[in-house]
Amino acid sequence: DQQVKQNSPSLSVQEGRISILNCDYTNSMFDYFLWYKKYPAEGPTFLISISSIKDKNEDGRFTVFLNKSAKHLSLHIVPSQPGDSAVYFCAANQGGSEKLVFGKGMKLTVNP
Amino acid sequence: GAGVSQTPSNKVTEKGKYVELRCDPISGHTALYWYRQSLGQGPEFLIYFQGTGAADDSGLPNDRFFAVRPEGSVSTLKIQRTERGDSAVYLCASSPTEGASGYTFGSGTRLTVV
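Computed from a predicted structure; not experimentally measured.

Caption draft 1: Up close: the interface of chain B and chain A. Taken together, the 20 residues of chain B in the interface contact 17 residues of chain A. Of the roughly 1,500 Å² buried between chain B and chain A on both sides combined, carbon and sulfur atoms contribute 58%. Our count for the contact surface shared by chain B and chain A stands at five residue pairs in polar contact (both at pLDDT 80 or more). Secondary structure elements with two or more residues in the side of chain B that touches chain A: β4 (31-37) and β5 (44-50) of chain B. When residues of the side of chain B that touches chain A are assigned to their parent elements, the largest contribution, three residues, is made by β4(B). Residues belonging to the side of chain B that touches chain A are distributed by class as follows: nine nonpolar, nine polar and two charged.

Caption draft 2: Region of the structure containing the state of the cysteines. Scanning the model with the defined rule gives two disulfides over all chains in all. Sulfur-sulfur distance for the disulfide between C23(A) and C90(A) comes to 2.1 Å. Note on the C23(A) and C90(A) pair: the S-S dihedral is about -75 degrees, so by sign convention the disulfide is left-handed. Linking C23(A) in strand β3 (residues 19-25) with C90(A) in strand β9 (residues 86-94), this pair joins segments that are 67 residues apart in sequence. Residue C23(A) shares its accessibility class with C90(A), and that shared class is buried. At a sulfur-sulfur separation of 1.9 Å, the disulfide partner of C23(B) is C92(B). Residues C23(B) and C92(B) share a disulfide whose torsion about the S-S bond is about -70 degrees; that sign makes it left-handed. With C23(B) in strand β3 (residues 19-24) and C92(B) in strand β9 (residues 88-95), this residue pair connects regions lying 69 residues apart in the sequence. For C23(B), a relative accessible area of 0% puts it in the buried group.

Conventions we followed
- Throughout, residues of each chain are indexed from 1 in the direction in which the sequence is written.
- The lettering of chains begins at A and the numbering of ligands begins at 1, in the order of writing.
- It should be noted that, the model being predicted, local features are given only for residues of pLDDT at least 70 and side-chain atom pairs only at 80 or more, the latter also being counted only at that level, while totals for whole chains, interfaces and linings use all residues.
- Only hydrogens and water are removed before side-chain values are computed, so all heavy atoms of the structure are retained for them.
- Residues are treated as being in contact if the distance between any of their heavy atoms lies within 4.5 Å.
- Defined here as a combined quantity, buried area equals the accessible surface (1.4 Å probe) lost by two parts on assembly, summed across both.
- We call two N or O atoms a polar contact when they sit within 3.5 Å, provided that within protein one can donate a hydrogen and the other can accept it, with sequence-adjacent residues counted only if both atoms are side-chain atoms.
- We count a stretch as a helix when DSSP gives it H or I for four or more residues in a row; a strand needs E for two or more, and each element gets its number in order from the N terminus.
- The nonpolar class holds Ala, Val, Leu, Ile, Met, Phe, Trp, Tyr, Cys and Pro. Asp, Glu, Lys and Arg form the charged class, and all remaining residues, Gly among them, are polar.
- Any two cysteine sulfur atoms within 2.5 Å of one another count as a disulfide.
- Working definition: with a 1.4 Å probe on protein chains only, accessible area under 20% of the residue-type maximum means buried, over 50% means exposed, and in between means partly exposed.

The following block contains the structure:
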């Protein structure tokens with residue numbers, strides 16, 4: 001049973017526009033959420049996170065929104081740049097556990 | 001080194017053989033994690049070390065998988081009697097403290113069982 005779901009496998013946007021990546025989760029015990037970016041042949045790189053006590057966290061061009069009632073989070077990238085082209089993973093964590101539960105990932109392509 | 005180093009980067013082995021995958025964490029990082037990423041999937045948790053001890057090994061799929069970290073630094077993931085379903089990228093991560101946002105992942109070892 002997939003506890004963290006990224007239902008769209010890919011997204012293509014134009015440079016300068018907004019990219020919105022979505023993630024849903026089923027486990028109401030999750031209280032910390034992260035986004036990772038992965039380039040081919042490299043390990044995932046931490047991008048941004050959000051605690052369940054917040055509904056928004058912003059870091060430069062990246063903003064994560066959390067809707068706990070809907071068990072949904074999204075990552076907004078604006079403006080999108082070609083260097084943002086990568087696979088993005090949503091991950092969740094339950095307090096007291098060091099284990100991350102990842103979604104399947106979404107491939108973002110930003111076209112120049 | 002500056003990052004998490006995993007060796008080998010690629011490993012091809014025959015079904016039934018034994019393999020060892022090595023992870024050199026960032027110096028001083030006390031927490032070390034192993035994940036497995038199968039094709040088309042996200043990384044799946046295998047095991048977590050705090051220092052020398054395995055604090056959580058609940059993700060190891062069966063008793064063919066074992067991991068050690070004898071001196072609290074380098075870790076080795078050992079797979080006995082490999083099966084074709086073990087083919088995946090094995091990722092190691094380390095962190096200076098507990099807490100998921102501190103992870104630094106290595107580039108992984110791509111294991112192919114033929």
